[in-house]
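Per-entry structural report
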Amino acid sequence: MTVKAADKLKSDGWKVAETTGFLTLIGPLWERLNDGSLELALITEDKHHNRRGLVQGGVIMTFADRACGMAARFVSGKPTLATVQLDTHFADAGKIGDILTTRPRVVRSTRSLIFITAEVTVDKRCIAMANGVFKILKNES
């Protein structure tokens, strides 16, 4: 992670999101609330490259999944959700060093399912679109 990029995110009101497990390998992920909506960011590093030297598609998909899931959790107030489906469409490539951002949007929420859409962008350029369905799980005791 470049210090300059991290300093820029901090100065724009971003903070490092708490993550565990697999996501610690991808991150750090950054988050902030902007006009009441959750936004996430990821500073791409060398560890994120594919064979062509661009950002690996699986990194973008993981980032979109986490963002959509966190947005579903944020709007539902429920702590435990699971991804039922995630459709991802790649529109352009991300370059190592790019800052990926997304602002997921709830399309519909029912008692048991939340439908979310998100664009993953670099600056104002869309590199991927994702649509997810998240199941609200009963709290496990």
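My aim in this report is to walk through the structure given alongside it, one point at a time.

Parameters at a glance
- Residues numbered from 1 in each chain as written.
- Predicted model: local features only at pLDDT ≥ 70, side-chain atom pairs only at ≥ 80, totals over all residues.
- Heavy atoms only, no water.
- Helix = DSSP H or I, 4+ residues; strand = E, 2+ residues; numbered from the N terminus.
- Pairing = 2+ DSSP bridges.
- Buried < 20%, exposed > 50% of the residue type's maximum accessible area, 1.4 Å probe, protein only.
- Arc of directions from axis to C-beta.
- Contact = heavy atoms within 4.5 Å.

It is worth spelling out unusual backbone geometry at this point. Of all residues except glycine, most have a negative phi; of all peptide bonds, most are trans. In this chain, Gly27 is followed by Pro28 through a cis amide linkage whose omega measures 20°. Tracing the backbone through its elements, the reader meets Pro28 in the loop between helix 2 (23-26) and strand 2 (29-34). Unusually for a residue other than glycine, Asp35 sits at a positive phi of about 55°. With a phi close to 55°, Asp123 is a non-glycine residue in the positive phi region. With respect to the helices, strands and loops of the structure, Asp123 is situated in the loop between strand 7 (113-122) and strand 8 (125-136).

What follows is about the pairing of strand 7. The sheet contact formed by strand 5 (residues 99-102) and strand 7 spans three bridges and is antiparallel. The residue bridging Thr101 from the neighbouring strand is Thr121, located in strand 7. As defined by bridge partners, strand 6 (residues 105-109) adjoins strand 7 across four bridges and the pair is classed as antiparallel. Paired with Arg108 across the two strands is Phe115, which belongs to strand 7. Where strand 7 folds back on strand 8, the antiparallel hairpin that results is connected by two residues, among which Asp123 adopts a positive phi of roughly 55°.

Because an α-helix packs 3.6 residues into every turn, residues spaced three or four apart end up facing the same way. The set of residues buried in helix 1 (residues 3-11) consists of Ala5, Ala6 and Leu9. With its buried residues spanning 100° around the axis, helix 1 presents them on a single face. Exposed residues on helix 1 whose side chains face more than 90 degrees from its buried face are Val3, Lys4, Lys10 and Ser11. Where helix 1 is buried, its residues touch strand 2, strand 3 (37-43) and strand 5. Immediately beyond the C-terminal end of helix 1, within one or two residues, lies Gly13, with a positive phi of roughly 90°.

This next bit is on the environment of Asn139. Considering the arrangement of structural elements, one finds Asn139 in the segment after strand 8. Ignoring any residue separated from it by four or fewer positions in sequence, one finds Asn139 in contact with Pro79 and Thr80.

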